[in-house]
Amino acid sequence: MSKKLFIYIFILIAFTQSQFAQKQNDIYYEIAKSIDLFGRVYKEITLRYLEEIDPREFMLAGIEGMLNTLDPYTTYIDEANQKDIDLITTGKYGGIGATIGLRNDKITVVDLIEGYSAQRQGLRIGDVIVKIDSIVVGKNNYDQLSLYMKGDPGTLVAVTIQREAVEGDLIFNLIREEIQIKNLSFYGFVPEESNNVYLKLSGFSRTAGEEIKDAILELSKKKKVESIILDLRGNPGGLLDAAISVADKFLKKDQLIVSVVGRDTNSIQEYYSVEQPVAGDADLIVMIDEGSASASEIVAGAIQDHDRGVILGANSFGKGLVQNVVPLSASTSLKLTTGKYLTPSGRSIQKFDISDKKIFLKNLNQSSIEEYRTDGNRSVYSGGGIEPDTIITNNSGSELVRNLLAQGCFFKFATNYFNTNEIISWDEINHEEVFDSFKEYFSSSDVKLHYKVERIIDQLKTLIQDENINGEVLDKLNEIDRRLSEIRNEELDNYRDDVLAEIHQEISARIEGRLGRIKTALKYDNQLSSAIEILKSSEKYKQILALAD
């Protein structure tokens, strides 16, 4: 190398480094200046505003305001929600073994985990929690519920509940235990006489991949596994490592599972399968829906791009961003989006577009839809979640039934029916009486069986009366209302089987818990039936994947 060339290269490197250092210095200068400005505004308002301000709540509002300018997955995790992060990462927590949710603005037990204190000591699905220890709970402090309910194993918590059809409050003194959450909520041969394995995966904590592996090995000892249905419907995702581990159980060794692209687009992390597939070359169907997100989409995308199996159901959620949890203090964290993942074909399935945010220095110019190719040269697309290879819906054909499900009407009725009747099994119940009881219950309850248009008519009636409009108009609306009521009852009769199917699932959950609900749901599952039919026909399976002999 000549002396001049050496000097030139040295100067170029020195210049590049100085530019980089200058850029870094500019960033830190801007950060310091902005923190100073933010602190002065915060201090002035907190000390001098007309009304006295809670400094902590005001600071949290500022943090929330900053995060609202980013994607919806970058969030501040306070003490109340820190235990939920621990649950995702470890798959266990200290609690009573009950899933709690808001139903009709009431804090309600929506599920029980078999074998833990809540179920053992007699808590029921549908019970309304009104007090935890000495703290009255309701809609206003629902977001603090995790803080009240969870704690160290071995500690006591007093839960006061109200139970429909039972007078007065009931108090349960429950012992917190270490709750181990299973990712694989159900597995077995479905149908029982077949060689098809059904796997219902509900989460992606650390043990998800091993649970899949253990289940397949256990079932393969009973008889040969010829096909597998992996059910990821309603699975909101979890850990990236867990998604890689699950995909690893089905893909050939050394196949790309997912790539993660961070802020530096020149630095891409690629994750490959490292094991021989425990499932061998068994035919595979992965079921997804709009509730399948994140890790679920990583698995489905890898399976689809390598033509390893058929994706069946409805479009997935479309979450293609990766988060890391950054500890801020002993009890708070920041869940921060640090990258986006790409399926093996190179596509991003992120549906939420952040390219129009003015806080970003660069114009991202994200294209919403682009075409990519699978290993077998099939077309797949970016920008809208994972699109199934075969789209099958699982919803009732009745909009009324769908609305009743969304309103929690079947849940509410099953709670009342179970609490007011001695029920041992669904088969011993007169189903016609159950159906009539359902209609009668809602004809005398606060939750009405309404079409959307009926609510609009009620609003029109109020306006007409308030403005003293001609009474004939009100008579016409009443006539329409009566006719709609007749049509509604006719529709319920026409979709009687759909109504009873929903009630059956809720009653089963109260008799046999979570397992009972899943087993019953499978009996009415159109998507599962379609998947089984495809697996019965090798020709149809190969045709969907465009595979040749």
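To be clear, the structure that these remarks concern was listed above.
Residues numbered from 1 in each chain as written. Predicted model: local features only at pLDDT ≥ 70, side-chain atom pairs only at ≥ 80, totals over all residues. Heavy atoms only, no water.

Trainee: Honestly, the nonpolar core in this entry has me stumped. Any pointers?
Mentor: Grouped together as the largest cluster of nonpolar side chains are 59 residues, with contacts concentrated most on Leu199, Phe204, Leu230, Phe250 and Ile285. When residues of this core are assigned to their parent elements, the largest contribution, six residues, is made by helix H8 (residues 295-305). Here Ile285 is in contact with Ile228, Ile229, Leu230, Val310, Leu312, Ala531, Ile534, Leu535 and Tyr541, once residues within four sequence places are set aside. In this structure, Ile107, Val110, Ile125 and Ile161 belong to the second largest nonpolar core, which totals 23 residues. (Core = buried A, V, L, I, M, F, W, Y, C linked by side-chain atoms within 4.5 Å. Buried < 20%, exposed > 50% of the residue type's maximum accessible area, 1.4 Å probe, protein only. Helix = DSSP H or I, 4+ residues; strand = E, 2+ residues; numbered from the N terminus. Contact = heavy atoms within 4.5 Å.)

Trainee: Please clarify how the packing of aromatic side chains should be interpreted in this entry.
Mentor: Geometrically, a pair of aromatic rings is defined through the distance of the ring centres and the angle of the planes. Per the counting criterion, the structure on display carries six aromatic pairs. Pairing Phe413 with Phe438 gives two aromatic rings, centres 5.4 Å apart and planes at 85°, and the pair type is edge-to-face. Linking Phe413 in helix H10 (residues 409-420) with Phe438 in helix H11 (residues 431-443), this pair joins segments that are 25 residues apart in sequence. By the burial criterion, Phe413 is buried, and Phe438 matches it. Stacked on the ring of Tyr73, the Lys or Arg Lys319 has its end atom at 4.7 Å from the ring centre. (Phe/Tyr/Trp six-rings, centres within 6.5 Å; stacked < 30°, edge-to-face > 60°. Lys NZ or Arg CZ within 6 Å of the ring centre and 35° of its normal.)

Trainee: Sorry if this is basic, but what is going on with H11 here?
Mentor: Residues separated by three or four positions in an α-helix point in the same direction, a consequence of the helix having 3.6 residues per turn. For H11, with 13 residues, the first-to-last C-alpha span of 19 Å sits near the 18 Å given by 1.5 Å per residue. Of the positions making up H11, those classed as buried are Val434, Phe435, Phe438, Tyr441 and Phe442. Along the long axis of H11, the arc covered by the buried residues comes to 125°, so they all point the same way. In H11, those exposed residues whose orientation departs by more than 90 degrees from the buried face are Glu440 and Ser443. (Expected span 1.5 Å × (residues − 1). Arc of directions from axis to C-beta.)

Trainee: Honestly, the pairing of strand S11 (residues 196-201) in this entry has me stumped. Any pointers?
Mentor: The side chains of a regular strand alternate, residue by residue, between the two faces of the sheet. The buried fraction of S11 is high, at six of six residues. What you see with S11 is no split at all: Asn196, Tyr198 and Lys200 on one side and Val197, Leu199 and Leu201 on the other are buried throughout. Sheet topology places strand S10 (residues 184-189) next to S11; five bridges connect them, and they run antiparallel. Note on S11: the bridge partner recorded for Tyr187 is Leu199. Hairpin connection, S10 to S11: the antiparallel pair is bridged by six residues. (Pairing = 2+ DSSP bridges.)

Trainee: Please clarify how the packing of H10 against H11 should be interpreted in this entry.
Mentor: Helices that pack against each other are described as a pair by the angle of their axes relative to one another and the distance between those axes. At their nearest, the axes of H10 and H11 sit 11 Å apart, and the two run at 105° to each other. The angle between the axes of H10 and H11 places the two elements in the roughly perpendicular class. Contacts between H10 and H11 involve Cys409, Phe410, Lys412, Phe413, Asn416 and Tyr417 on the former and, on the latter, Val434, Ser437, Phe438, Tyr441 and Phe442. Its residues assigned to classes, the contact of H10 with H11 shows eight nonpolar, two polar and one charged. (Axes fitted to C-alpha atoms, helices over the stretch in contact; angles between N-to-C directions. Parallel < 35°, antiparallel > 145°, perpendicular 65-115°, else oblique. Nonpolar A, V, L, I, M, F, W, Y, C, P; charged D, E, K, R; others polar.)

Trainee: Help me out: how do you make sense of helix H13 (residues 471-494) in this one?
Mentor: With 24 residues, H13 ought to run about 34 Å at 1.5 Å a step, and its terminal C-alpha atoms sit 35 Å apart, in line with that. Taken together, the buried positions of H13 are Leu474, Leu477, Asp481, Leu484, Arg488, Glu491 and Leu492. Next to the buried residues of H13 lie helix H9 (399-406), H11, helix H12 (452-466) and helix H14 (496-523).

Trainee: What's the story with the packing of H11 against H14 in this structure? I'm lost.
Mentor: One can describe the packing of H11 onto H14 by two numbers: an axis separation of 10 Å at closest approach and a directional angle of 90°. When the axis of H11 is compared with that of H14, the two are roughly perpendicular. Across the interface between the two elements, His431, Glu432, Val434, Phe435 and Phe438 of H11 pack against Arg496, Val499, Leu500 and Ile503 of H14.

Trainee: Before we go on, may I ask you to explain the environment of Val325 in this structure?
Mentor: Relative to the helices and strands, Val325 is located in strand S17 (residues 321-327). Considering only alpha carbons, one finds Val325 and Leu336, eleven residues apart in sequence, at a separation of 6.2 Å. Excluding residues within four positions of it along the chain, Val325 makes contact with Ile85, Ser333, Leu334 and Lys335.

Trainee: In this structure, what is going on with unusual backbone geometry? I would like to understand it.
Mentor: Negative phi characterises most residues that are not glycine, and trans characterises most peptide bonds. Cis geometry is found at the peptide bond from Val190 to Pro191, where omega equals -10°. When you line up the elements, Pro191 lands in the loop between S10 and S11. One non-glycine residue with positive phi stands out, namely Asn104, at about 55°. Despite not being glycine, Asp307 has its phi angle at roughly 55°, a positive value. By secondary structure assignment, the location of Asp307 is in the loop between H8 and strand S16 (310-313). A relative accessible area of 9% places Asp307 in the buried class.

Trainee: Is there a simple way to explain the sheet that holds S10 in this structure?
Mentor: Backbone hydrogen bonds are what pair the strands of a sheet, in a parallel or an antiparallel way. Ordered by their spatial adjacency, six strands build an open sheet running S10-S11-S12-S15-S16-S21, and the pairing between neighbours is mixed. Of all the strands in the sheet, just S10 and strand S21 (390-391) have a single pairing partner and so form its edges. Helix H6 (residues 208-220) contacts S10, S11 and strand S12 (227-231) of the sheet and is inclined by roughly 20° relative to S10.

Trainee: Can you help me understand the side chain of Ser292 in this one?
Mentor: By secondary structure assignment, the location of Ser292 is in the loop between strand S15 (283-288) and H8. Relative accessible area serves as the criterion here: at 0%, Ser292 is assigned to the buried category. Not counting the four nearest positions on each side in its chain, Ser292 is found in contact with Leu232, Arg233, Gly234, Asn235, Glu297, Ser316 and Phe317.

Trainee: I keep staring at the pattern of salt bridges and nothing clicks. Help me out?
Mentor: Note that side chains of opposite charge can pair when their charged atoms are close. Counted according to the given criterion, the structure contains 26 salt bridges. One salt bridge in this structure joins Arg347 and Asp305, with 2.7 Å as the shortest N-O distance. Here Arg347 is found in the loop between strand S18 (333-342) and strand S19 (371-373), whereas its partner Asp305 is found in helix H8, with 42 residues between them in sequence. This pair shows no difference in class: Arg347 is buried, exactly as Asp305 is. A single salt-bridge network, built from bridges that share partners, covers Lys200, Asp231, Arg233 and Asp525. (Salt bridge = Lys/Arg side-chain N within 4 Å of Asp/Glu carboxyl O.)

Trainee: Before we go on, may I ask you to explain the environment of Gln276 in this structure?
Mentor: Position of Gln276 relative to the elements: it lies in the loop between strand S14 (268-272) and S15. Judged by relative accessible area, which is 59%, Gln276 ranks as exposed. A sequence separation of 25 residues divides Gln276 from Leu251, and the C-alpha atoms of the two residues are 7.7 Å apart.

Trainee: For this particular structure, what's the right way to read the side chain of His306?
Mentor: By secondary structure assignment, the location of His306 is in the loop between H8 and S16. Of note is the side chain of His306, whose polar atom sits 2.6 Å from the backbone oxygen of Leu256. Those residues in contact with His306 that sit more than four places away from it in its chain are Leu251, Gln255, Leu256, Pro344 and Asp375. (Polar contact = N/O pair within 3.5 Å; in protein donor to acceptor, adjacent residues only side chain to side chain.)

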